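# Observations on the model geometry
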Amino acid sequence: MEVKKMGYMDEYKFWLESDCFDEKTKEELRSIADDDKEIQDRFYKNLKFGTGGMRGIMGAGTNRMNIYTVTKATQGLADYILEVGADAAGRGVVIAHDCRNMSAEFTEASALCLNANGIKTYVFDALRPTPELSFAVRELGCIAGIVVTASHNPPEYNGYKVYWEDGSQIVSPQDQDILKHVADVERYEDVKTMDKDKAIADGLFCMVPASVDENYYQALIKQTIHGDIIPKVADDIKIVYTPLHGTGNVPVREVLKRLGFKHVYVVEEQTVPDGDFSTVKSPNPEEPSAFAMGIELAKKVDADVIMATDPDADRLGIYALDTKTGKYMPFTGNMSGLIIAEYQFRERTKCGLMPKNPAMVKTIVTTNMADPLAADYNVNLIEVLTGFKFIGEQIKFFEQNNSYNFVMGMEESYGCLVGTYARDKDAPVAVMCLCEAAAYCKSQGITLWDHMLDLYEKYGYYKEGLYTITLKGVTGAEKIRKIMSSLRAESLTQIDTLKVLKVRDYEKNTITDLATGEVTESGLPQSNVLYYDLEDGAWACVRPSGTEPKIKLYYGIKGTSLDDADAKLEALQTALVEKLNKLAE
């Protein structure tokens, strides 16, 4: 947490009195003059610019997403790019945004701030998916990229993510260097901007060429393996899709059309870009409620599969038909990722398309079912810290070292990538790959759900869960710190009925074997994460969120059947949640 030089009330008064802030902002702040708690929450700290960017509730204040906090961060990024060199400024920055309220305004303000610093920008003419931004950075040869999005968060949020020249979100050393430059911009008076017409006339504010869209579509379609199967079942297979008011609407429908799928039914009410997400409780494909309208449509048209992408189209959630019960069954991000991985490995191997030294990359909290699956197809499995940026970073390392060939990467939070055209999770390619797998299943007389059950029987009934505790404000931040320090001090040896075999402390770069006492290095970057390897193939992981006032608890088990797995998972969750709640008291 950044320590501010002024108290929160002094900062509040500064915003009310300074000429840096417009009258609309001051009106909003005057409306909370009698609410000390609200003033404190808005001004007790600066909205954190983390290692990938920032995310927060929109509104006036230093701890909010607004034009002033966004351009202050952009000024820091501009200072860093200028330090890199004149060539970097000329290569420019490409900027994309999603459908959220204020996304377009934050995009333009960021571009004009960069332009005022002599840095060229490329701006999309309308909303685009986050993965296309990742693709565009390399396609246009830019030094960096920015995407304005809060992903799947509630409508009151927005965010700002920074990408570097390899198309991945910023990682070391760029992240720390940029963080320092952002922190060095202390005064809003130091943030530059310029007139848009002049920026255009000076060749600084440019639009992204239309060729980027077409090349992105072509890159997606190249990831297909059996394009010939789709026409054979195109008259029979039925797909329901919803973009949940977000950026996936155009690219997802376009690639499915090009691949030859004839019966794609779209939830029309949810195709309209809407920053309020008025038809859903939350625009998050991890939430069952987000599928309500999709399931209703699927029942009407007798669909085989239902797919939903989040607002910036980097995450995908799916339901598939269980022909035995007639019900639509939900898939976790682990399940859909495994379906894609197994299909890619099996069919690439069968068709002679598997590259030499193939690799799959997953995060440490992603299902351990990936381990036997990868081993079955002689695919190297590499684990990284939570966050898809670390998966994208591995692609860069593979290319630099000529070590492995990246086939796919996946994380538990409903994100995956097939191919190397982008360096972030990509829902359009996930839709495309799953629809191809569904078409293959259809040709075999089964559904994706049937196939998932087959995989469980083959590799084991792995199940995973996520539990989040939200702890807001100053007291919440202290509770999160207390939970992590208490867990480290306690040195757990048992969780529920399961013995702890090893403890991985990624902040200390240690893996401790509790049976032998041996301590080895984790080999991953420093991060405030504790991971417990438990007996019987179970595990648990605790970490604070990097962008929200939350502490996240991940856990997984291996069962002998669906019912056994559910029972084991529930027992482990109960024990873990009880433990964390006690520590938070």
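Right, let's walk through the structure included here.

Conventions adopted
- Here the residue index of a chain counts from 1 through its sequence in written order.
- It should be noted that, the model being predicted, local features are given only for residues of pLDDT at least 70 and side-chain atom pairs only at 80 or more, the latter also being counted only at that level, while totals for whole chains, interfaces and linings use all residues.
- Side-chain calculation: all heavy atoms of the structure are included, whereas hydrogens and water are not.
- By the criteria applied, helices consist of DSSP H or I runs no shorter than four residues and strands consist of E runs no shorter than two, each listed in order from the N terminus.
- Radius of gyration here uses only the C-alpha atoms, and the compact-globule reference equals 2.2 Å multiplied by the residue count raised to the power 0.38.
- A 1.4 Å probe rolled over the protein chains alone gives each residue an accessible area, and that area as a share of the maximum for its type sets the label: buried under 20%, exposed over 50%, partly exposed in between.
- Any two residues whose heavy atoms approach within 4.5 Å at even a single point are treated as in contact.
- Under the convention used here, a 1.4 Å probe and the Shrake-Rupley method define accessible areas, while residue burial counts only the protein chains that appear.
- Here Asp and Glu are counted as negative and Lys and Arg as positive; His is not counted, and neither are the chain ends.
- We put the charge of a Lys on NZ, of an Arg on CZ, of an Asp on CG and of a Glu on CD.
- Between any two strands, at least two bridges found by DSSP are needed for them to pair.
- Throughout, an axis means a line fitted to C-alpha atoms (over the contacting stretch in the case of helices), and angles, computed between N-to-C directions, take values from 0 to 180 degrees.
- Two aromatic rings from Phe, Tyr or Trp, using only the six-membered ring of Trp, form a pair when their centres are within 6.5 Å; if the ring planes differ by under 30 degrees the pair is stacked, by over 60 it is edge-to-face, and anything between is tilted.
- Should an angle fall under 35 degrees it is called roughly parallel, over 145 degrees roughly antiparallel, and 65 to 115 degrees roughly perpendicular, with every other angle called oblique.
- For any helix crossing, the convention is left-handed if the near helix is rotated counterclockwise from the far helix by under a right angle, and right-handed if that rotation is clockwise.
- Residue polarity follows a fixed list, in which Ala, Val, Leu, Ile, Met, Phe, Trp, Tyr, Cys and Pro are nonpolar, Asp, Glu, Lys and Arg are charged, and the others, Gly among them, are polar.
- What is meant by a nonpolar core is a set of buried Ala, Val, Leu, Ile, Met, Phe, Trp, Tyr and Cys residues, joined one to another through side-chain atoms within 4.5 Å.

Attention now goes to the overall build of the protein. On a plain count of helices and strands, the protein comes out with 20 helices and 23 strands. Taking 25 Å as the expected radius of gyration for a compact globule of 585 residues, we find that the protein reaches 24 Å, a close match to that expectation. In the protein, buried positions account for 59% of the 585 residues. Put simply, 69% of the contacts in the protein that link residues at least 6 apart link residues at least 24 apart. Accessible area of the protein: about 23400 Å², with a carbon and sulfur share of 48%. The positive charge centre, built from 65 side chains, and the negative charge centre, built from 88, are 1 Å apart in the protein.

Read from one edge to the other, the open sheet built from 6 strands follows the order 1-5-4-2-3-6, with strand pairing classed as mixed. Each edge of the open sheet carries a strand with a single partner, namely strand 1 (53-57) and strand 6 (205-207). Averaged over all pairs of adjacent strands, the angle between their axes in this sheet comes to 20 degrees, without regard to strand direction. In this structure, strand 2 (residues 93-97) lies alongside strand 3 (residues 121-123), joined through 3 bridges in parallel fashion.

A few words on the packing of aromatic side chains. For the structure shown, the criterion picks out 20 aromatic pairs. The interplanar angle of 80 degrees and the centroid separation of 4.9 Å between the aromatic rings of Phe 21 and Tyr 68 together place this pair among those described as edge-to-face. Of this pair, Phe 21 sits in the loop between helix 1 (8-17) and helix 2 (23-30) while Tyr 68 sits in helix 4 (residues 67-84), placing them 47 residues apart in sequence. Judged by its relative accessible area of 4%, Phe 21 falls in the buried class.

What you see with strand 15 (residues 415-418) is no split at all: Gly 415 and Leu 417 on one side and Cys 416 and Val 418 on the other are buried throughout. Relative to strand 15, strand 14 (residues 405-411) is paired through 4 bridges, and the arrangement is antiparallel. By the bridge assignment for strand 15, Met 410 is matched with Cys 416. Linking strand 14 to strand 15, which pair antiparallel, is a turn of 3 residues; within it Tyr 414 sits at a positive phi near 65 degrees.

With 8 of its 10 residues buried, helix 7 (residues 130-139) lies for the most part within the structure. For helix 7, the full list of buried residues reads Thr 130, Pro 131, Glu 132, Leu 133, Ser 134, Phe 135, Ala 136 and Val 137. Looking at the buried side of helix 7, the elements it contacts are strand 2, strand 4 (144-148), strand 5 (157-164), helix 10 (211-221) and helix 17 (427-443). Just downstream of helix 7 lies Gly 141, where phi reads positive at about 70 degrees.

This part covers the packing of helix 1 against helix 2. Following both chains from N to C, one finds helix 1 and helix 2 inclined at 140 degrees, their axes separated by 9 Å at the closest point. Between helix 1 and helix 2, the angle is such that the two are oblique. In the packing of helix 1 onto helix 2, the handedness of the crossing is left-handed. For the pair formed by helix 1 and helix 2, the contact residues are Tyr 12, Trp 15, Leu 16 and Glu 17 on the first element and Thr 25, Lys 26, Leu 29 and Arg 30 on the second. Taken together, the residues of the contact of helix 1 with helix 2 sort by class into 4 nonpolar, 1 polar and 3 charged.

Bringing the sheet that holds strand 12 (residues 358-363) into the picture now. Pairing is mixed in the open sheet, where 4 strands are placed in the order 13-12-14-15. Either end of the sheet is taken by a strand with one partner, and the two such strands are strand 13 (380-384) and strand 15. Averaged over all pairs of adjacent strands, the angle between strand axes in this sheet comes to 20 degrees, irrespective of strand direction. Across 5 bridges, strand 12 lies against strand 13 in parallel orientation. Counted as the bridge partner of Ala 359 is Asn 380 from strand 13. Lying on the sheet, helix 16 (residues 388-401) is in contact with strand 12, strand 13, strand 14 and strand 15; it crosses strand 14 at an angle near 175 degrees.

If you look at the biggest cluster of nonpolar residues, it comprises 129 residues, and the most contacted ones within it are Phe 345, Leu 448 and Tyr 532. Ignoring sequence-local partners within four residues, the contact set of Phe 345 consists of Met 354, Met 360, Leu 373, Ala 374, Tyr 377, Val 379, Val 407 and Met 408. By size, the runner-up hydrophobic cluster in this structure holds 36 residues, among which are Leu 47, Val 70, Phe 106 and Leu 114.

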